Amino acid sequence: MAGQIPTQFIDDLLTRVDIVDVIDPRVPLKKAGKNLTACCPFHNEKSPSFTVSPDKQFYHCFGCGAHGTAIGFLMEYDQMSFPESIQELADLVGMTVPTTHALSPTPATQNLYDLLDKVSQYYVHQLRNHPQKAEFVNYLEQRGLSAKIIDHFNIGIAPDGWDNVLKTFGTSDLARKQLDEAGLLSSNDNGRTYDRFRKRIMFPIRDRRGRVIGFGGRVLDDSTPKYLNSPETPVFHKGNELYGLFQARKAHRKLERIIIVEGYMDVIALAEHGVTNAVATLGTATTPEHLRQLLRSTPEVVFCFDGDRAGREAAWRAAENALPLLGGNHQLKFMFLADGEDPDSVIRQQGATEFNNLVAQAQNYSEFFFASLESRVDISSMDGRSRLVEIAKPYLRHIPTGVYRDMLEQQLADRAQTSTSVLHKHLEKPPETRQRPTYKASSLSAKTAISPVRMAITLLIQHPKLQQDLGSFDKIATLDLPGIKILVQILETLQQNPHLNTAALLERSRGTDSADHLQRLAQQNLPLTAIELKHELVGIVQQLQKQAVEQRKAYLELKHPSQLTDEEKAEIRNQYR
């Protein structure tokens, strides 16, 4: 079942979410009748057997058996947990996930979130009120930041002093322990404990839900390090987080593109000039986890680097980390600024329009990939072209099988002036993805193999609105037939919640013994017209209701009159009226 997230919320969520909007950005879908198809993302195949049904809000692969709802797809494809999938879909349609005690973080973790939020507010207060705020304010003004953008990113200051935060928030042993766990304290070899951030402009780092999880601090002078981030803590993992992603998602109902820049000030300066779709890594190279997060939010990611050697090396590391994620319905691009320039300087000097023009002219991944490899060889000679193939081999091995990989191989063959057949002799076979157990979906045409109860369940799962055409079904719960409890439960659920769709019904069964069975029934082929479907279900329920009445009547008639209760005697009299 749904666990601690209210069932009603999941029902409402799945009536608002379109599974096509969830899957298509990750796996490009093609129209095939009333459904959409693609090559399955869960196993290697050349002919598409992966089907998405907009009507049922359900996906199914006839090759490997993969199936599920939008929630299940995110859990399987993006490797999200159930609550993370709910949060992702809620963000997509602008809903807020209700929190319950059982869903909330552990008390210790929640205390860290609360503490970090209070410290963030403290830093903001210091920027506005500290006696020595002038030099910080002057610096921010020199960088061209308005009060509005400073407030938008909750920029603050950690004043000069060894123990401002420690004294303000560390009033007990437990409080000092929490400050340390939150990454706000440091200690020296002599055991002295003091504030980690001192005399720095402070940038709160937020997770995708907007909670403060850490800080970045920048000095105003030549002290080192120039930028200092929070250490790894129970709530902050810099290889997973991106500065500005929360603000970018909040600013755009649908992000068409995200730009990855190198620092906080780049993100903030771009936002100051109206470019509100930039994020920054936190002192690390762009990791696969960073990219997974971004590609869940947008179909296009543009890496923006300095044009010097260090910038190009950083770009290549990002390109390497992106290899397992290539293909699908998204694009990765690279843009390089002139030496000595950064996004902040470019947008201040040339404006947002020119900056966006530069972004639009960014190199495609394939162009950057081959240009980088070719820079290592003499492409004009046969020896150099042969070496190009050898250099490319280990990288191609990490790219998922599919159209994009095939096209890269074709381009490599063209650049090496050879054929793909020759090339394939020397390329390593891509690693096989995990195969799922297969099963055969039974066909409705073999009607004798499907019990009336199973048929009724199948019809209701696939066409929940048919329940509204039914009469009474109050007696069928007494029948001793396989699946009757499941059928009654579905009928009662739909009677109370007539708006539910197939996906919502299936999610209600998550974690139960019947979940897999219902998922299979949702895939059954029902070659009937709408009128035939309605008559089929109405007829089955009426027959089951009649069967239950006859069964009850037979039971009472077999019972000795002396053993009948007053209620049973009245029931018999009513039957013969």
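Per chain, the residues get numbers from 1 upward, laid out in the order the sequence is written. In keeping with the predicted nature of the model, local features appear solely for residues at pLDDT of at least 70, side-chain atom pairs appear and are counted solely at 80 or more, and the whole-chain, interface and lining totals rest on all residues. In computing side-chain properties, one takes all heavy atoms of the structure into account and sets aside hydrogens as well as water.

(A) A look at the overall build of the protein chain. Every helix listed is a DSSP run of H or I at least four residues long, and every strand listed is a run of E at least two residues long, numbered separately from the N terminus. From N to C terminus, the protein chain includes 24 helices and 16 strands. Dimensions of the protein chain, computed from the C-alpha atoms along their principal axes, are close to 100 × 70 × 45 Å. Residue burial is assigned from relative accessible area. The probe radius is 1.4 Å, only protein chains are included, and a residue is buried under 20% of its type maximum, exposed over 50%, and partly exposed in between. Considering the protein chain as a whole, with its 577 residues, one finds that 48% of them fall into the buried category. Separation of charge centres in the protein chain, based on 67 positive and 69 negative side chains, amounts to 4 Å. Only four residue types enter the charge count: Lys and Arg as positive, Asp and Glu as negative, with His and the chain ends excluded. To locate a charge, take NZ of a lysine, CZ of an arginine, CG of an aspartate or CD of a glutamate.

(B) Representation of the sheet that holds strand 11 (residues 227-229) in the model. Only strands that DSSP links by at least two bridges are regarded as paired with each other. One open sheet holds the 4 strands; their spatial order is 6-9-10-11, and the pairing between them is antiparallel. What marks the edges here is a single partner per strand, and that holds for strand 6 (156-158) and strand 11. Neighbour-to-neighbour, the strand axes of the sheet open up by a mean angle of 35°, direction not taken into account. Bridge analysis of strand 6 against strand 9 (residues 200-206) gives 3 bridges, and the strand direction is antiparallel. Bridging from a neighbouring strand, Ala-158 pairs with Arg-200 of strand 9. Sitting on the sheet, helix 6 (residues 134-142) is in contact with strand 6, strand 9 and strand 10 (212-218), with an inclination near 65° to strand 9. Contacts were defined at the residue level, with two residues in contact if any of their heavy atoms lie within 4.5 Å. Here, axes are lines fitted to C-alpha atoms. For helices the fit covers the stretch in contact, and angles between N-to-C directions go from 0 to 180 degrees. Strands in contact with helix 11 (residues 264-272) are strand 9, strand 10 and strand 11; relative to strand 9, the strand with the most contacts, it is inclined by about 80°.

(C) View of the pairing of strand 14 (residues 300-306). Burial within strand 14 is extensive, with 6 of its 7 residues counted as buried. Strand direction decides the pairing type here: strand 12 (residues 258-261) and strand 14, joined by 3 bridges, are parallel. The partner of Ile-259 across the bridge, within strand 14, is Val-302. Bridge count between strand 14 and strand 15 (residues 331-337): 7 bridges; the pairing is parallel. Within strand 15, the position partnered with Val-301 by the bridge is Leu-332. Classification remark: right-handed applies to a crossover when, strands pointing away from the viewer, the course from the first strand over the helix to the second runs clockwise. Each parallel crossover has a hand, and the one from strand 14 via helix 13 (residues 309-322) to strand 15 is right-handed.

(D) The packing of aromatic side chains, seen in detail. Put simply, two rings from Phe, Tyr or Trp (the six-membered ring, in Trp's case) pair if the centres are within 6.5 Å, and we call them stacked under 30 degrees between planes, edge-to-face over 60, tilted for the rest. Overall, the coordinates contain 25 aromatic pairs when judged by the stated rule. A centroid spacing of 5.2 Å and a plane angle of 75° characterise the contact between Phe-369 and Phe-370, whose relative ring orientation is edge-to-face. A relative accessible area of 1% means that Phe-369 is categorised as buried. A relative accessible area of 0% means that Phe-370 is categorised as buried. Grouping aromatic residues by their ring pairs yields a cluster made of Phe-303, Phe-305, Trp-316, Phe-334, Phe-336, Tyr-365, Phe-368, Phe-369, Phe-370 and Tyr-395. Any Lys NZ or Arg CZ found within 6 Å of a ring centre and within 35 degrees of that ring's normal is scored as a charge over the ring. The residue whose ring lies beneath Arg-211 is Tyr-113, and the NZ or CZ to ring-centre distance is 4.1 Å. Stacked on the ring of Phe-336, the Lys or Arg Arg-312 has its end atom at 3.9 Å from the ring centre.

(E) Spotlight on the domain arrangement of the protein chain. The assigned domain composition of the protein chain is domain 1 (7-93), domain 2 (107-229), domain 3 (255-368), domain 4 (376-427) and domain 5 (452-576). A separation of 41 Å is found between the C-alpha centroids of domain 1 and domain 2. Those domain boundaries reflect an automatic or database domain assignment.

(F) Here's a closer look at the environment of Leu-295. When you line up the elements, Leu-295 lands in helix 12 (residues 288-297). A relative accessible area of 9% places Leu-295 in the buried class. Between the C-alpha atom of Leu-295 and that of Tyr-59, which follows or precedes it by 236 residues, the distance is 20 Å. If near-sequence neighbours (up to four positions away) are discounted, Leu-295 is found in contact with Val-301, Leu-325, His-330 and Leu-332.

(G) Quick peek at the nonpolar core. Among buried residues, the Ala, Val, Leu, Ile, Met, Phe, Trp, Tyr and Cys ones that are joined through side-chain atoms within 4.5 Å form a nonpolar core. Phe-50 and Leu-487 are the most contacted members of the largest nonpolar core, which has 71 residues in total. Each of domain 1 (7-93) and domain 5 (452-576) gives at least three residues to this core. When residues no more than four places from it in sequence are discounted, the contact partners of Leu-487 are Val-453, Ala-456, Ile-457, Leu-460, Ile-476 and Leu-544. Leu-112, Val-119, Tyr-243 and Val-275 belong to the second largest nonpolar core, which has 58 residues in total.

(H) Representation of the sheet that holds strand 12 in the model. The sheet built from 5 strands is open, its strands ordered 13-12-14-15-16 with mixed pairing. Bordering the open sheet on either side are strand 13 (278-280) and strand 16 (363-364), each of which pairs with just one other strand. Most of the contacts of helix 11 go to strand 13, to which it runs at about 170°, and overall it touches strand 12 and strand 13.

(I) Layout of the environment of Ser-49. Looking at the element boundaries, Ser-49 is found in the loop between strand 2 (35-38) and strand 3 (50-53). When its relative accessible area of 15% is taken as the criterion, Ser-49 is described as buried. Setting aside residues no more than four positions away along its own chain, Ser-49 makes contact with Ala-38, His-43, His-60, Cys-61, Phe-62 and Gly-63.

(J) Inspection of helix 16 (residues 382-396) at higher detail. The terminal C-alpha atoms of helix 16, which comprises 15 residues, lie 21 Å apart, in line with the 21 Å expected from a rise of 1.5 Å per residue. Along helix 16, the positions that sit buried rather than exposed are Gly-384, Arg-385, Leu-388, Val-389, Ile-391, Ala-392, Lys-393, Tyr-395 and Leu-396. Looking at the packing, one finds that the buried side of helix 16 touches helix 13, helix 15 (365-374), helix 17 (403-415) and helix 18 (420-426). Here, expected helix span is obtained from the residue count minus one, scaled by 1.5 Å.

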